[in-house]
Amino acid sequence: MSTEQKKSWILTGATVACVAALYVPCVQRTVPGGDSGELITTACELGVAHPPGYPLFTMLAYLAMRVLPSLSPAHSVNLMSSLLGAAASGALCISVCKLTGPGPGAVLAGGLFAVSRLSWQWSVVAEVFTVNNCFVGLLFFLIASFHCAENATQRRKELSLRGLLSLGLCFLIGFLPYVYLPISSYVNTARWSWGDQTSLSGLLTHLLRTEYGTFSLAKTESSVNLTTMLKAQLDHCLADLTPPVLVLAGTGLLLSLRDRMHGSVSWLLTTMLLVYSLFFAWRANLNVGSPLLLGVVERFWLQSDAAVCVLAGLGLSRTHSELERRLGYGGFWKATSWVITTALMAHMVRTNHRGCDQSRNDVVERFAKEILASIPTNSIILTRGDLPGNSLRYLHYCQGERPDVRLVDQEMMTYTWYVAKLAQHHPGVNFPGLWWDPSHPKGKDTFSLEQFLSRNTERDVFACIGLPDGDPSWKRSFSRWPLGVCDYLVPVQRQFHPEDWARRTRNIYNWSEPYDRFHPKLWEHVANEEMWQARMKTAFFLFDLAGRIQAEGRARLFELSYNLYKELVETHSNYPSNWDKNLALACEKLLRSGHRGYSPDDLLSCSARHFSLYLEKDPGDPQGEAIRSAVTHLLKERDRLHHRQTP
């Protein structure tokens with residue numbers, strides 16, 4: 001090994017060590033939101049994750065849990081991800097070392113990628129993107145190694161028939177981890193697993209993500225304009241990678257025109273970057289106008305970010321070399337390059353550290369624990385969506401919490417494999433058919449939600465969060481009572497006692513997170529929003545129930561709803577804007593109901609005031625003009641009331 005190679009590996013090792021030292025203290029100790037809970041649970045159970053399966057990540061995560069038994073499963077897998085993220089930064093660093101030698105450009109490539117917001121954010125939680133980043137870095141390293149082969153003969157040897165066959169064999173060996181999928185599916189010991197890979201068609205369905213939509217992010221007919229998606233990616237590069245980095249990447253690309261030795265690598269990386277970005281923008285069918293969906297989409301820009309960081313590193317190295325060649329003073333320009341590298345990385349660390357430090361983040365886990373604590377013994381929980389489903393499954397299967405309850409996934413019940421594969425892991429749950437088909441519930445081997453509930457009346461059943469609109473059959477025989485985030489599905493014959501239910505649900509959760517604490521693109525924001533809105537679900541339910549009955553108890557329900565809303569608004573200074581709107585409606589309905597226990601003046605003032613507060617917080621409401629007209633009418637009615645009362 002030459003002196004330069006030794007320096008390259010030492011510099012790479014130092015970069016990896018520094019990144020690991022930065023990442024490890026920031027690692028989240030509890031279960032994160034999104035897919036992380038499912039990936040950890042799959043590893044706990046040695047099951048199969050959502051398509052395309054991620055077998056390598058599953059096996060690595062399982063190994064991490066065994067190597068670090070003193071940590072919680074979530075903490076150990078999150079820690080594994082951080083180390084993989086550090087390794088990815090090292091792969092980018094050694095790639096630039098191969099092309100331009102050890103120096104600030106190599107550190108810039110690896111370090112800059114590591115401290116960029118997206119890479120840092122997804123390296124401190126359990127996600128597959130760190131494994132992917134490692135493979136991207138390895139690919140760049142192999143490209144650089146091939147390009148820097150000692151002579152043309154060696155390159156031709158690699159491209160000979162024997163060399164190509166060897167490469168093809170290595171490519172096929174890369175699929176070996178996928179042998180895990182049919183084995184896990186055949187053994188079927190995992191209480192949580194996705195799909196049936198025991199047949200070739202089932203395996204291909206999973207690998208090709210047919211249930212999501214092959215080469216798409218979601219199974220939806222909607223699409224996003226190509227220009228809109230590319231603009232969103234460019235905005236991300238400007239905001240998160242910063243303009244100086246893009247300038248360095250562009251400068252390096254221009255200088256590569258004069259570099260006959262290594263210029264082709266820069267153009268190859270640029271071509272890879274453009275092709276990937278264009279293809280992804282074409283196939284990414286999620287609305288980036290939604291902050292949460294933008295958070296889902298932007299994770300797939302990490303591969304492009306890696307290419308940009310390598311180009312920036314090459315750009316810095318080539319700029320330094322060009323200035324030294326033209327002006328001399330090599331030591332000065334090298335020192336300047338180190339200053340630029342240090343300054344850029346220090347700026348990004350300072351900018352991103354607070355948002356990427358997840359060491360104290362336990363929001364999603366507390367969200368799941370609060371839900372489990374509110375559910376009665378031996379209940380069935382019908383989960384819906386990633387947030388409740390993945391977090392509850394993690395606590396239930398990995399942490400062993402609430403072994404008495406049964407978790408049944410609403411979406412998974414619509415797949416033909418779910419009951420056949422997982423029914424045996426839900427003792428005490430009766431499935432009236434092989435799958436739930438909301439569109440054709442009377443078909444062969446299918447069932448409706450009403451049939452499922454009717455077959456499980458011996459257990460309390462809760463839907464968390466909500467029910468799909470496609471199957472209203474349950475409304476014939478069951479009612480839905482709000483229980484915090486969840487809904488209690490009860491037979492219609494059961495009598496509802498409003499006061500008792502209001503007392504039971506008034507302080508159902510011990511939740512102290514401030515409203516609007518988290519960015520809308522984060523799962524923590526979704527969890528916090530659900531917990532805040534859960535506080536008013538009973539009040540909303542009573543208000544809606546009062547509007548659907550004509551009996552004498554209607555005024556009593558409006559009064560109870562009004563008192564619950566008023567208590568919530570007076571207890572909190574910062575709360576969701578819809579609380580003001582709902583309280584304003586409750587004031588008006590209580591006034592119109594003829595209830596004589598409240599001052600009409602107070603109710604009119606309350607309604608007008610909170611309608612106005614709502615419009616201040618949410619001026620873009622489509623019904624804004626109608627609400628303003630209602631406020632004007634309420635104030636006029638109050639003035640007329642004052643006029644009649646004046647002697």
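Just above sits the structure.
It should be emphasised that the depicted structure is a prediction, and the values quoted were computed from it without experimental measurement.

### Remarks on the overall build of the protein chain
No. 1: Each helix and strand counted, the protein chain has 28 helices and seven strands in total.
No. 2: In terms of principal-axis extent, the alpha carbons of the protein chain reach across some 100 × 65 × 45 Å.
No. 3: Summarising the internal contacts of the protein chain: among those between residues at least 6 apart in sequence, 70% fall at separations of at least 24.
No. 4: Carbon together with sulfur atoms contributes 59% to the accessible area of the protein chain, which is approximately 30,400 Å² in total.

### As for the side chain of Gln358
No. 1: Topologically, Gln358 is positioned in the loop between helix 17 (330–356) and helix 18 (363–374).
No. 2: Since its relative accessible area comes to 16%, Gln358 is described here as buried.
No. 3: Within the structure, the side chain of Gln358 is placed 2.6 Å from the side chain of Asn361, a separation counted as a polar contact.
No. 4: Once you skip the residues sitting within four places of it in the chain, Gln358 turns out to touch Cys26, Val27, Gln28, Arg29, Val124 and Glu524.

### Overview of a nonpolar patch on the surface
No. 1: Side chains of Leu169, Ile173, Leu176, Val179, Ile183, Tyr186 and Val187 sit close together on the surface and give an oily, nonpolar patch of about 720 Å² of accessible area.
No. 2: Only helix 9 (161–173) and helix 10 (180–187) provide two or more residues apiece to the nonpolar patch.
No. 3: Considering each element in turn, the nonpolar patch owes the most residues, three residues, to helix 10.
No. 4: Tracing the chain through its elements places Ile173 in helix 9.

### What about the state of the cysteines?
No. 1: What the rule picks out here adds up to three disulfides.
No. 2: Bridging Cys44 to Cys398, the disulfide has an S-S length of 2.4 Å. Across the S-S bond linking Cys44 and Cys398, the dihedral sits near 125 degrees, which makes this disulfide right-handed. Here Cys398 lies in helix 19 (residues 386–398) and Cys44 lies in helix 2 (residues 36–45), a separation of 354 residues in the sequence.
No. 3: The disulfide bridge from Cys464 ends at Cys486, spanning 1.9 Å between sulfur atoms. Across the S-S bond linking Cys464 and Cys486, the dihedral sits near 110 degrees, which makes this disulfide right-handed.

### Structural notes on the sheet that holds strand 7 (residues 486–491)
No. 1: Taken together, five strands build an open sheet; the order of strands is 2-1-5-7-6 and the sheet is mixed. Looking along the sheet, the strands with just one partner apiece sit at the ends: strand 2 (406–409) and strand 6 (478–483). Direction aside, neighbouring strands of the sheet carry axes that sit 30 degrees apart on average.
No. 2: Relative to strand 2, strand 1 (residues 380–383) runs parallel, the two being bridged by four bridges. Each residue of the ladder has a partner; that of Ile380, found in strand 2, is Arg406.

### Observations regarding the pairing of strand 5 (residues 461–464)
No. 1: Across the two faces of strand 5 the burial is the same, with Val461 and Ala463 and Phe462 and Cys464 all buried.
No. 2: Both strand 1 and strand 5 contribute to a ladder of four bridges, which runs parallel. Note on strand 5: the bridge partner recorded for Thr383 is Cys464.
No. 3: Examined bridge by bridge, strand 5 and strand 7 share three bridges and lie antiparallel to one another. Each residue of the ladder has a partner; that of Phe462, found in strand 7, is Tyr488.

### Observations concerning the pairing of strand 7
No. 1: Counting buried positions over the six residues of strand 7 gives five, a clear majority of the element.
No. 2: Pairing of strand 6 with strand 7 involves six bridges; the strand directions are antiparallel. Counted as the bridge partner of Ser479 is Val490 from strand 7.
No. 3: A loop of two residues connects strand 6 with strand 7, the two strands running antiparallel in sequence, and Gly484 in this loop sits at a positive phi of about 65 degrees.

### Examining unusual backbone geometry
No. 1: Note the cis peptide between Pro51 and Pro52, where omega equals 5 degrees.
No. 2: Mapped onto the elements, Pro52 comes out in the loop between helix 2 and helix 3 (55–67).
No. 3: Geometrically, the link from Cys464 to Ile465 is a cis peptide bond, its omega value of 5 degrees lying close to zero.
No. 4: Residue placement: Ile465 occurs in the loop between strand 5 and strand 6.
No. 5: If you check the backbone angles, Arg209 has positive phi at about 55 degrees while not being a glycine.
No. 6: Mapped onto the secondary structure, Arg209 falls in the loop between helix 11 (200–207) and helix 12 (226–241).
No. 7: Overall, the relative accessible area of 17% leaves Arg209 in the buried class.
No. 8: Even without glycine at this site, Asp445 takes up a positive phi of about 70 degrees.
No. 9: With respect to the secondary-structure elements, Asp445 resides in the loop between strand 3 (435–436) and strand 4 (446–447).

### Some words on the packing of aromatic side chains
No. 1: Applying the stated rule across the entire model yields 29 aromatic pairs.
No. 2: Centroid distance Trp194 to Tyr415: 6.2 Å. Interplanar angle 40 degrees. Geometry classified as tilted. With Trp194 in the loop between helix 10 and helix 11 and Tyr415 in the loop between strand 2 and helix 20 (418–422), this residue pair connects regions lying 221 residues apart in the sequence.
No. 3: Judged by relative accessible area, Trp194 falls into the buried class, the value being 5%.
No. 4: On the basis of relative accessible area, Tyr415 is assigned to the buried category, the value being 14%.
No. 5: Aromatic ring contacts, followed pair by pair, group Trp194, Tyr415, Trp417, Tyr418, Phe431, Phe447 and Phe452 into a single cluster.

### Examining the pattern of salt bridges
No. 1: Applying the stated criterion across every chain yields a total of 26 salt bridges.
No. 2: The closest approach of N and O atoms between Arg592 and Glu588, which form a salt bridge, is 3.7 Å. Pair noted here: Arg592 and Glu588 are both in helix 26 (residues 577–592), with a separation of four residues, about one helical turn.
No. 3: Classification of Arg592 by relative accessible area gives partly exposed; the value is 41%.
No. 4: Given a relative accessible area of 25%, Glu588 falls into the partly exposed group.

Conventions we followed
- Counting restarts for each chain, with residues numbered from 1 along the sequence as it is written.
- A pLDDT threshold of at least 70 governs which residues receive local features in this predicted model, and a stricter bar of 80 or more applies before side-chain atom pairs are shown or counted, although totals over entire chains, interfaces and linings include all residues.
- As a convention, hydrogens and water are excluded, and side-chain values are obtained from all of the structure's heavy atoms.
- Secondary structure elements follow DSSP: runs of H or I of four or more residues count as helices, runs of E of two or more count as strands, with numbering from the N terminus.
- Any pair of residues with heavy atoms lying within 4.5 Å of one another is described as a contacting pair.
- Residue-level accessible areas treat just the shown protein chains as cover; the underlying method is Shrake-Rupley with a 1.4 Å probe.
- A 1.4 Å probe rolled over the protein chains alone gives each residue an accessible area, and that area as a share of the maximum for its type sets the label: buried under 20%, exposed over 50%, partly exposed in between.
- Whenever two N or O atoms come within 3.5 Å, that pair is a polar contact, provided that in protein one can donate a hydrogen and the other can accept it, and provided that, for residues adjacent in sequence, both atoms are side-chain atoms.
- The residues that make up patches have over 30% relative accessible area and no salt bridge, and they are joined within 9 Å when like-charged or within 5 Å when they are Val, Leu, Ile, Met, Phe, Trp or Tyr.
- Between Lys or Arg on one side and Asp or Glu on the other, a salt bridge is scored when a side-chain nitrogen of the former is within 4 Å of a carboxyl oxygen of the latter.
- A pair of sulfur atoms, both from cysteines and within 2.5 Å, is called a disulfide here.
- Pairing between strands is defined by DSSP: at least two bridges between them are needed.
- Working convention: axes come from line fits to C-alpha atoms, limited for helices to the stretch in contact. Angles between N-to-C directions cover 0 to 180 degrees.
- Stacked, tilted and edge-to-face are the three classes applied to pairs of Phe, Tyr and Trp rings, where Trp contributes its six-membered ring and a pair requires centres within 6.5 Å; stacked means planes under 30 degrees apart, edge-to-face means over 60, and tilted covers the rest.

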